[in-house]
Amino acid sequence: MLRREDFYMIKQLREKGVRIVDIADELRCSERTVRRKLKQDKPSTGRRKQRGSKLDRYKTDVNTMLYAEKIWNAEVIFRRLNQQGYDGSISLVRNYITPLRAALRSRQTVRFETKPGAQLQHDWGEVSAIVADKRCTVNIAVNALGYSRRFHVYGSPSQDAEHTYESLVKAFNYFGGVPKQVLLDNQKAAVLHHYPGGHVVFNEGFLALAHHYGFEAKACRPRRARTKGKVERMVGYVKHNFFAEHKSFDSFSHLNQLLDQWLNDVADIRFLRQFRQTPLHRFKMEQDALQTLPPSDFDTRYYDVRIVAWDAYIDVRGHRYSVPAEYCAQQVTIRISMDDELSVYSIEGELIAQHRLQQGAERWHTIAEHHQALWNAPELAVQTRDLRRYEEAASCN
């Protein structure tokens, strides 16, 4: 139950512009309770009659000293009240000031604002959902602009570096520009070491991404989650809004299609109480402050190297994929996109083959023209082999 002092504290904090949600957090009560108290002209009496405080008639003067004159020292305020006729104790003054000082610190932290285009905050969250008829952990990357509160969300099966970079690329394209700074926590996908004193060592991939788009990489200090409080609140918003209505998805592509639609229909036009505007309206004031997108997207695909076998196949994740026969015994590089498209390149960087990564029992995936040179070469004695033998041997292993 709230005390009489809490009632006056609610009134005074609201007059100073403190948000209802911050007042409720400070008093450990619900926002509904705060709104009810704001509608009352005087505090509830309860069963026992509350005695008035000697400080009550001086609280307006105290508030003037606190907020207008920036005087927060209880002894200074006590002496000035004595000159006005106050004959109560200094403990009444301290008890009145202490929660207001704590609320001021909290409000300053929560309501720290950045200039348009100055900062984007990145964070990951996790939810349980059904994808392709299987229950799994869905990882959601949320990238929120600090000024407008407009954000983009991307769902993926992993929080690895490649998916982290992909989420940022998609966010930049969604916003049509790049902020001056990207703030994230100390996730391994971006940060190698965070030394005392604030020195941060980022990994090469994230630095390459930052260089490509021209933003400054910045990591939160360890155990300072509130530094990126804007995006953390949006992670919770996605969980309790979008995933409250969507529980099952045909694939991760289907999930992201629904997320994009939800961003346009719901998230972008939600009402921001502290600004009395929508993120989309505020974004109009931020869009021009964003940096221009580069001509091409950053390549977020997985990278690896393979040696082509004498039968003109390479092994990728337990499956065999054909490449042109002239590359037998040569080294090639492979790139795998977030949507499982396999691209094979020669050592000179020429694209020589493309496949879709496959699942299931069929482990050999052939494009007929890749092996045409082997069949047409008269000097080669090409032996026809039944590939089912390899499948049987693989199943035995």
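See the structure shown above.
Anyway, here's the lowdown on the structure attached to this text. Remember, predicted model here, so these are calculated numbers, not experimental data. In this numbering scheme, every chain counts its residues from 1 along its sequence in written order. Local features in this predicted model are restricted to residues of pLDDT 70 or higher, and side-chain atom pairs are both shown and tallied only at a pLDDT of 80 or more, whereas totals for entire chains, interfaces and linings draw on every residue. Each side-chain value is derived from all of the structure's non-hydrogen atoms; neither hydrogens nor water enter the calculation.

A few points about the overall build of the chain
Then, in step 1: On a plain count of helices and strands, the chain comes out with 13 helices and 15 strands.
Then, in step 2: Taken over 397 residues, the chain has a buried fraction of 42%.
Then, in step 3: Pairs at least 24 residues apart make up 60% of the contacts formed inside the chain by residues separated by at least 6 positions.
Then, in step 4: Computed with a 1.4 Å probe, the accessible areas rest on the Shrake-Rupley method; for each residue, only the protein chains presented here act as cover. When the accessible surface of the chain is totalled, it reaches about 22,900 Å², and 48% of it is carbon and sulfur. Secondary structure counts use DSSP, requiring at least four H or I residues in a row for a helix and at least two E residues in a row for a strand, with both numbered from the N terminus. Remark: exposure states derive from per-residue accessible area (1.4 Å probe, protein chains only) relative to the maximum for the residue type, with buried under 20%, exposed over 50%, and partly exposed in between. What makes two residues a contact is simply this: any of their non-hydrogen atoms within 4.5 Å.

Here's the deal with the nonpolar core
Then, in step 1: Of all hydrophobic cores here, the largest spans 26 residues; its most connected members are Leu55, Leu66, Ile77, Leu81, Val93 and Leu100.
Then, in step 2: Those elements giving two or more residues to this core turn out to be helix H1 (4–15), helix H2 (20–27), helix H4 (59–68), helix H5 (74–83) and helix H6 (90–110).
Then, in step 3: Leave out the neighbours within four places in its chain, and Val93 touches Leu55, Ala74, Ile77, Phe78, Leu81 and Tyr86.
Then, in step 4: In plain words, nonpolar cores are sets of buried Ala, Val, Leu, Ile, Met, Phe, Trp, Tyr and Cys residues tied together by side-chain atoms within 4.5 Å. Of all hydrophobic cores here, the second largest spans 25 residues; its members include Phe175, Val182, Ala190 and Tyr213.

Overview of H1
Then, in step 1: When the terminal C-alpha atoms of H1 are compared, their 17 Å separation across 12 residues agrees well with the 16 Å that a helix rising 1.5 Å per residue should span.
Then, in step 2: Along H1, the residues that are buried comprise Asp6, Phe7, Met9, Ile10, Gln12 and Leu13.
Then, in step 3: Looking one or two residues beyond H1, the residue adopting positive phi is Gly17, at roughly 95 degrees. One fewer than the residue count of a helix, multiplied by 1.5 Å, yields its expected span.

A look at the layout of surface pockets
One simple way to see leftover space: roll a probe sized like a water molecule over the atoms.
Then, in step 1: In this structure, the second largest pocket encloses a volume near 740 Å³.
Then, in step 2: Elements with a minimum of two residues in the lining of the second largest pocket: strand S3 (151–156), helix H7 (161–175) and helix H10 (252–265). Residues are said to line a cavity or pocket when one of their atoms sits within 4 Å of a point; the points come from a 1 Å grid over protein atoms alone, cavities being sets where a 1.4 Å probe fits but cannot get out and pockets being open sets with protein on both sides within 12 Å along at least five of seven lines. Grid points are joined across faces, edges and corners, and a volume is the space filled by probe spheres set on the points.

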